[in-house]
Amino acid sequence: MSLLTIGTVAFDDIETPFGRAERVVGGAATYISLAASYFTPAVQVVSVIGDDFPTETLDDLRRRGINLDGIQVKHGEKSFFWAGRYHNNLNDRDTLDTQLNVLADFDPVLPEAYTNADYVMLGNLTPAVQHRVLDQLKVKPKLVALDTMNFWMNVALDSLLEVLKRIDILTINDEEARQLTGQHSLVNAAEAIFTMGPRFLVIKKGEHGALLFSPDNVFFAPALPLAQVFDPTGAGDTFAGGFMGYLASTDDLSFDNMKRAVIFGSAMASFCVERFSIERLTNLSRPEIDQRVQRFADLVHFTR
Ligand code: AMP
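Asks: I would appreciate a short explanation of the sheet that holds strand β3 (residues 19-26) in the present structure.
Replies: Sheet strands pair via backbone hydrogen bonds, and the direction of the pair is either parallel or antiparallel. The sheet built from four strands is open, its strands ordered β3-β2-β6-β7 with mixed pairing. The sheet is open, and its two borders are formed by β3 and β7 (93-99), each paired with just one other strand. Geometrically, the sheet is characterised by an average inter-axis angle of 15 degrees between neighbouring strands, direction not taken into account. Here six bridges tie strand β6 (residues 80-86) to β7, and the two strands are oriented antiparallel to one another. From the neighbouring strand, Y86 faces β7, where its bridge partner is R93.

Asks: Where do I start with helix α7 (residues 186-194) in this structure?
Replies: Because each turn of an α-helix spans 3.6 residues, side chains separated by three or four positions in sequence point in the same direction. Here α7 has its buried residues at L186, A189, A190, I193 and F194. The buried residues of α7 all sit within an arc of 135 degrees when viewed along its axis, so they share a single face. Exposed side of α7, more than 90 degrees from the buried face: V187 and E191 are the residues found there. Buried residues along α7 sit in contact with β10 (169-173), α6 (174-181), β11 (200-204) and β12 (210-213).

Asks: Would you mind going over the site of the ligand with me for this structure?
Replies: In the vicinity of the ligand lie 19 residues, with D12, G27, R93, G234 and D237 positioned nearest. Interatomic distance of 3.0 Å between a side-chain N/O atom of T8 and a nitrogen atom of the ligand. Isolated, the ligand exposes 510 Å² of accessible area, and the fraction of that covered by the protein chains is 95%. Looking at the shell around the ligand, the elements that each hand over two or more residues are β2 (10-16), β6, α4 (150-155) and α8 (235-250). Looking at the shell around the ligand element by element, the count peaks at three residues for α8. Residue composition of the shell around the ligand, grouped by class: nine nonpolar, seven polar and three charged.

Asks: What's the story with helix α10 (residues 286-300) in this structure? I'm lost.
Replies: Here α10 spans 22 Å end to end across 15 residues, near enough to the 21 Å set by a 1.5 Å rise per residue. For α10, the complete set of buried residues consists of I289, R292, V293 and F296. Looking straight down α10, one finds that the buried residues subtend no more than 100 degrees of arc, so they occupy a single side. Those residues of α10 that are exposed and aimed more than 90 degrees away from the buried face are P287, Q291 and D298.

What counts, and at which threshold
Residues numbered from 1 in each chain as written. Predicted model: local features only at pLDDT ≥ 70, side-chain atom pairs only at ≥ 80, totals over all residues. Heavy atoms only, no water. Pairing = 2+ DSSP bridges. Helix = DSSP H or I, 4+ residues; strand = E, 2+ residues; numbered from the N terminus. Axes fitted to C-alpha atoms, helices over the stretch in contact; angles between N-to-C directions. Buried < 20%, exposed > 50% of the residue type's maximum accessible area, 1.4 Å probe, protein only. Arc of directions from axis to C-beta. Contact = heavy atoms within 4.5 Å. Near = heavy atom within 4 Å. Polar contact = N/O pair within 3.5 Å; in protein donor to acceptor, adjacent residues only side chain to side chain. Areas by Shrake-Rupley, 256 points an atom, 1.4 Å probe, with all protein chains shown as cover. Nonpolar A, V, L, I, M, F, W, Y, C, P; charged D, E, K, R; others polar. Expected span 1.5 Å × (residues − 1).

Dropping the structure here:
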């Protein structure tokens, strides 16, 4: 099944307790598409970059079979840029800078072949662009997921609330769920989010794992305890890419299969954080991924 994804394709400056990396490749769509490419061969990307973006990275994505026909290149303009600094616990971070650059007036145009996508992952970017992508779909997708962050809640809340009415599943982190709903309890936040449109919700809690909610069920997946977490940037997007890639490849939207998708997404995120930027995501193998999924199964298995 095909998976259409949108999101930023970007440069990041990252500071962690272990070091700094300047102008490394990042962006939600970069992480999502790479993670998803390990599960489904038909990953399609819609995004915008300036002519400063490295062609080698685009070639790396193409080598993974990712379709980049929906990426616009704006000549003489700069790609989206984000700078962040992680706290010592690596779970919390401060945004130091967000430069929209090419994203400021981005009008996405879906190539014809994308307009009947089976699965859609609306990665983190302007809610108005997320709307515009949904407007161009000719066939109702089987599942539409959306990821967003506090930045867009602060600058475009009305538009975000409108797009939430059009999606099936929202993925956000715990603090963002609290900000969006004004509820401290995540159970109450989930209830509030179900009244906004989505039928499913994933709340990402960094090194404390992820929760999957439907109106009747809840599932918890831990994060893998890792000896070395180097750079958490992109973990949420990588999770989303693995989650949606797995669902697109299995084409089964039962709650049981969604639980498996959460574990595959968590496994992909555990690779992402082991190196800076997308380094760890460009040359994984499916047996490596399956072994990691087995570690999740071992981690939570017990008899009583
Ligand atoms: P994550 O760590 O999964 O939340 O995603 C980090 C990625 O999101 C980075 O590579 C950034 O380039 C990108 N990013 C940061 N801020 C924004 C924003 N306001 N809109 C879209 N993408 C962003």
